[in-house]
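Fold and contact review
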Amino acid sequence: MMSSSTPRQVACPTCKTPVDWTPENRFRPFCTERCKLIDLGQWATEQYRVAAEEDDLDEMTRNSLN
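I will try to describe carefully the structure that is included in this document. Owing to the predicted nature of the structure, the values given are computational and were not obtained by experimental measurement.

Here the focus is the overall build of the protein chain. Counting secondary structure elements, the protein chain contains two helices and two strands. Scanning the protein chain from its N terminus toward the C terminus, one meets helices and strands in the order β-β-α-α. Within the span of the protein chain, comprising 66 residues, buried residues form 14% of the whole. Sequence separation of 24 or more characterises 5% of the internal contacts of the protein chain that already satisfy a separation of 6 or more. Carbon and sulfur atoms make up 52% of the accessible area of the protein chain, which totals about 5900 Å².

So, in structure tokens, the structure goes:
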């Protein structure tokens with residue numbers, strides 16, 4: 001088991017600022033609430049999308065018609 005006194009750091013997905021990955025950082029992986037809300041807004045306005053296979057889309061359409 002690896003133990004370290006230095007917290008692991010990740011890059012904030014929004015601004016790329018280094019962020020400590022600790023329980024005390026309530027916005028992780030984001031550096032601030034602002035960056036978290038920017039990311040949420042991008043999902044809400046469909047600037048981010050999860051790719052789907054054409055077959056998945058056809059099945060979703062058929063299911064919504066029933």
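Continuing now.
Helix length check: helix H1 (residues 33–44) (twelve residues) gives 16 Å between terminal C-alpha atoms against 16 Å at 1.5 Å per residue, within 8%. Looking one or two places after H1, you find Glu 46, whose phi comes out positive at around 60°.

This next bit is on the nonpolar core. Counting six residues, the largest nonpolar core consists of Val 10, Cys 12, Val 19, Phe 27, Phe 30 and Cys 35. When sequence neighbours within four positions are dropped, the list of residues in contact with Val 19 reads Arg 8, Gln 9, Val 10, Cys 12, Asn 25, Pro 29, Phe 30 and Cys 31.

Along the chain, Pro 29 turns up in the loop between strand S2 (18–20) and H1. With relative accessibility at 27%, the residue Pro 29 sits in the partly exposed group. Placed 15 residues apart in sequence, Pro 29 and Thr 14 show a C-alpha to C-alpha distance of 9.5 Å. Sequence-distant contacts of Pro 29, that is, excluding residues within four places in its chain, are made with Val 10, Ala 11, Cys 12, Pro 13, Val 19 and Trp 21.

Glancing now at the side chain of Thr 22. Looking at where Thr 22 falls in the secondary structure, it is placed in the loop between S2 and H1. Judged by its relative accessible area of 15%, Thr 22 is buried. The residues touching Thr 22, leaving out its near neighbours within four places in the chain, are Pro 7 and Arg 28.

Attention shifts here to unusual backbone geometry. Most of the time, phi is negative for any residue but glycine, and the peptide bond is trans. Note the cis peptide between Arg 28 and Pro 29, where omega equals 5°. Notably, Lys 16 is not glycine yet its phi reads approximately 70°, a positive angle. Within the secondary structure layout, Lys 16 lies in the loop between strand S1 (9–11) and S2. Backbone geometry at Glu 46 places phi at a positive 60°, although glycine is not the residue there. Mapped onto the elements, Glu 46 comes out in the loop between H1 and helix H2 (54–65).

About the criteria used
- Residues numbered from 1 in each chain as written.
- Predicted model: local features only at pLDDT ≥ 70, side-chain atom pairs only at ≥ 80, totals over all residues.
- Heavy atoms only, no water.
- Helix = DSSP H or I, 4+ residues; strand = E, 2+ residues; numbered from the N terminus.
- Buried < 20%, exposed > 50% of the residue type's maximum accessible area, 1.4 Å probe, protein only.
- Contact = heavy atoms within 4.5 Å.
- Areas by Shrake-Rupley, 256 points an atom, 1.4 Å probe, with all protein chains shown as cover.
- Expected span 1.5 Å × (residues − 1).
- Core = buried A, V, L, I, M, F, W, Y, C linked by side-chain atoms within 4.5 Å.

Remember, this is a structural readout, not a statement about activity or role.
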